[in-house]
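Spelled out from the first residue to the last, the chains are:
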Amino acid sequence: MNSEKETFQQKKYIQKSLFYRFSQFVGFLLGARFFIAALLTFALYVSTFFLFNQDENFRKFVFDFKVHGIIFCTVLTILAGGIINQFYDFEKDHMVKPFRTRIQSFIKQKYFLYAYLFLSILSLGVAWLISHRVFLFFVIYQFFMWFYSHKLSRILILNNLTFVSLTLYPFFGMMVYYGTFSKKVLLMAIFLFLILLCIDIVKDTLTKRVDKVFDYVTIPNYFTNRNTKIIIISLLIITMAVSMKLITRTGISGFMAYYFTGGLFIMILCVYLILNYSRKSKFLTLNILRFWVFVGIIAMLLNGIENKL
């Protein structure tokens, strides 16, 4: 009888232990924004090969270890940035993202800091092996990742502009690396910048009260609802204008032409939803814009494959 009881307790302990380890693993992935890093990695590879890299064939690209090294450093830096951001936003996330915070509670904050230091040092170490310029590029990237979390995320307008700029910083680096400067690439960068800026401001409207409690000065809690609506709608209209410019003046074709044409209707839908300005419509707008960014990556991939064939 005792042996059966002990066996049952051992099984229960193992199950608890496995659950605890699994929860720690999931907590770390969420803390490091792993899924966002994975999406950005995919976007980097697609844009690098099909947009910035105009001359190399696929075989040469696959064996270009310098490019893979730069993307690897980027992924490590993004993971490190996600960790340091959640460290500074820990109290705010308790209210905004209770489920994620609960999962992350399985890991002590000091271990997140150890992971942040490890990922940052590893990224800079690999960058140094690639070249001194790449090392400097990532020193700047990591500094502003930390500075954004520490200070800039609480400063009006700078918080949105810095967040979007840091998201696009690796793509800018690849554009410089390949020397791909053209009107089409510039307009596509502006289009993406504006959509990400809209996403960030709409996201702030959903966390307006919490941001105010924790002294995050955002556009929604600094301006009136009417002025916030005007800002978001103005950005969406400018995005539409950029889309039209891309379609009519750059000779863009294939899947990307369909994407930017469809984007006009998506922006009109988002303007309609923002005019409504209920919590449900804001949440819907946020997810439509996020989904449209993902559709853009797929469209670029399909367009690139079509052109290469």
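In this text the structure is predicted, and so the values were computed from the model without any measurement.

A. Structural detail: the pattern of salt bridges. Applying the stated criterion across every chain, the model contains one salt bridge. Across the pair Lys-203 and Asp-200 runs a salt bridge, and its minimum N-O distance is 3.3 Å. Of this pair, Lys-203 and Asp-200 both sit in helix α10 (residues 183-206), three residues apart, which is roughly one turn of the helix. The class for Asp-200 is buried, based on a relative accessible area of 3%.

B. Structural view of the side chain of Ser-47. Along the chain, the position of Ser-47 falls in helix α2 (residues 34-52). Residue Ser-47 is classed as buried on the basis of its relative accessible area, which comes to 4%. Side-chain polar atoms of Ser-47 contact the backbone oxygen of Ala-43, separated by 2.8 Å. Polar contacts involving the side chain of Ser-47 include one to the main-chain carbonyl oxygen of Leu-44, which spans 3.2 Å. Residues in contact with Ser-47, not counting those within four places in the same chain, are Phe-52, Phe-171 and Met-300.

C. Region of the structure containing the nonpolar core. In this structure, Phe-138 and Leu-236 are the most contacted members of the largest nonpolar core, which totals 84 residues. At 13 residues, α10 tops the list of elements feeding residues into this core.

D. Seen up close, helix α13 (residues 225-249). Taking 1.5 Å per residue as the helical rise, α13 with its 25 residues ought to reach 36 Å, and the 36 Å between its terminal C-alpha atoms agrees with that figure. The complete set of buried residues in α13 reads Thr-228, Ile-232, Ile-233, Leu-235, Leu-236, Thr-239, Met-240, Val-242, Ser-243 and Leu-246. A positive phi of about 70 degrees marks Gly-251, the residue just after α13.

E. View of a nonpolar patch on the surface. Taken together, the side chains of Leu-136, Val-139, Ile-140, Phe-143 and Phe-144 present a nonpolar region at the surface, about 410 Å² in accessible area. Inspection of the secondary structure assignment puts Val-139 in helix α8 (residues 132-150). On the accessibility criterion, Val-139 (32% relative accessible area) is partly exposed.

F. Main features of the packing of aromatic side chains. On inspection of all chains with the given rule, the structure shows 15 aromatic pairs. On the basis of an interplanar angle of 90 degrees and a centroid distance of 5.0 Å, the ring pair of Trp-128 and Phe-135 is categorised as edge-to-face. With a relative accessible area of 46%, Trp-128 lands in the partly exposed category. When its relative accessible area of 25% is taken as the criterion, Phe-135 is described as partly exposed. Between Tyr-259 and Phe-260 the ring centres are 5.2 Å apart and the planes differ by 70 degrees, which places this aromatic pair in the edge-to-face class. Like Phe-260, Tyr-259 is buried. Within the aromatic cluster, the residues linked to one another by ring pairs are Phe-137, Phe-138, Tyr-141 and Tyr-169.

Calculation notes
- Residues numbered from 1 in each chain as written.
- Predicted model: local features only at pLDDT ≥ 70, side-chain atom pairs only at ≥ 80, totals over all residues.
- Heavy atoms only, no water.
- Salt bridge = Lys/Arg side-chain N within 4 Å of Asp/Glu carboxyl O.
- Helix = DSSP H or I, 4+ residues; strand = E, 2+ residues; numbered from the N terminus.
- Buried < 20%, exposed > 50% of the residue type's maximum accessible area, 1.4 Å probe, protein only.
- Polar contact = N/O pair within 3.5 Å; in protein donor to acceptor, adjacent residues only side chain to side chain.
- Contact = heavy atoms within 4.5 Å.
- Core = buried A, V, L, I, M, F, W, Y, C linked by side-chain atoms within 4.5 Å.
- Expected span 1.5 Å × (residues − 1).
- Patch = residues over 30% accessible without salt bridge, like charges linked within 9 Å, V, L, I, M, F, W, Y side chains within 5 Å.
- Areas by Shrake-Rupley, 256 points an atom, 1.4 Å probe, with all protein chains shown as cover.
- Phe/Tyr/Trp six-rings, centres within 6.5 Å; stacked < 30°, edge-to-face > 60°.

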